[in-house]
Amino acid sequence: MPRRVSDVMTPAPQVLPLDATLYEAARLMRDEGIGDVLVTYAGQLCGMVTDRDIVVRAVAESRDTSLTPLGDVCTAELCTLHPEDDTETAERLMIERSVRRLPVVDGGRRPVGIVSIGDLAVADGQRGALPEISKAPPNN
């Protein structure tokens, strides 16, 4: 029987408002040892910004990270999951969308978690490098 997303997700994801700066997001990622921050407007999910987004969409374009709001570079077209969805659905969506992370939202689009490809690998008890890397603490 497939597991539920709520069983494998990282609860209480890091969230910043749409008008927060890239600098704030980068510091949060560094301090928390994460590679993504969910972006909200009035408490509702409206995007996601990753460490790669900051590099490719901001730094490489010579944007001032202390002035550029997340809304200018975040990915707004997100595929989301609900806590009661099964992990097979999460895996299928990651494959179809070619993404490594999916936000988990409640019925009102309030972010309640995030599930990564590594979370699924660990939950499925897969062997190999991915589950081991996913279990390891971040290397700041």
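Let me sum up the structure you'll find in this document. (Residues numbered from 1 in each chain as written. Predicted model: local features only at pLDDT ≥ 70, side-chain atom pairs only at ≥ 80, totals over all residues. Heavy atoms only, no water.)

On the basis of which strands lie adjacent, the open sheet formed by three strands has the order β2-β3-β4 and mixed pairing. Where the open sheet ends on each side, the last strands, each with one partner, are β2 (15-17) and β4 (44-50). Each strand of the sheet is rotated relative to its neighbour by a mean of 35°, with strand direction disregarded. In this structure, strand β3 (residues 36-41) lies alongside β4, joined through six bridges in antiparallel fashion. Bridge assignment links Val-37 to a residue of β4, and that residue is Val-49. (Pairing = 2+ DSSP bridges. Helix = DSSP H or I, 4+ residues; strand = E, 2+ residues; numbered from the N terminus. Axes fitted to C-alpha atoms, helices over the stretch in contact; angles between N-to-C directions.)

To continue, consider unusual backbone geometry. Positive phi is not limited to glycine here, since Ala-42 has a value of about 55°. The topology assignment puts Ala-42 in the loop between β3 and β4. Residue Ala-42 is classed as exposed on the basis of its relative accessible area, which comes to 66%. Despite not being glycine, Arg-109 shows a phi value in the positive range, around 70°. Mapped onto the fold, Arg-109 is located in the loop between β5 (101-105) and β6 (111-116). (Buried < 20%, exposed > 50% of the residue type's maximum accessible area, 1.4 Å probe, protein only.)

Looking now at the environment of Ala-58. Topologically, Ala-58 is positioned in the loop between α3 (51-57) and α4 (87-97). With a relative accessible area of 0%, Ala-58 lands in the buried category. Between the C-alpha atom of Ala-58 and that of Thr-68, which follows or precedes it by 10 residues, the distance is 8.1 Å. Setting aside residues up to four positions removed in sequence, Ala-58 forms contacts with Leu-22, Asp-53, Arg-63 and Val-73. (Contact = heavy atoms within 4.5 Å.)

This next bit is on the sheet that holds β6. Strand order in the open sheet formed by three strands is β1-β6-β5, and the pairing between neighbours is antiparallel. Of all strands in the sheet, those with a lone pairing partner are β1 (10-11) and β5, marking the two edges. With two bridges connecting them, β1 and β6 associate as antiparallel partners. Along β6, the bridge assignment pairs Pro-11 with Gly-113. Strand contacts of α4: β5 and β6, with the helix running at about 135° to β5, the strand carrying the most contacts.

Here we come to the pairing of β3. Consecutive side chains of a regular strand alternate in pointing toward one face of the sheet and then the other. Of all the six residues making up β3, five are buried; the element is thus mostly covered by neighbouring parts of the structure. Relative to β3, β2 runs parallel, the two sharing three bridges. Bridge pairing in β3 links Pro-17 to Thr-40. Note on the crossover from β2 through helix α2 (residues 22-32) to β3: the handedness is right-handed. Adjacent in sequence and paired antiparallel, β3 and β4 are bridged by two residues, among which Ala-42 carries a positive phi angle near 55°. (Right-handed = clockwise from strand over helix to strand, strands pointing away.)

Once that is clear, we can look at the side chain of Asp-53. Structurally, Asp-53 can be placed in helix α3. Classification of Asp-53 as buried rests on a relative accessible area of 8%. A polar contact is formed between the side chain of Asp-53 and the backbone nitrogen of Thr-50, at a distance of 2.9 Å. Once residues lying within four places of it in the same chain are set aside, the contact partners of Asp-53 are Met-48, Ala-58, Val-73 and Thr-75. (Polar contact = N/O pair within 3.5 Å; in protein donor to acceptor, adjacent residues only side chain to side chain.)

Everything listed is a geometric property; what it means functionally is a separate question.
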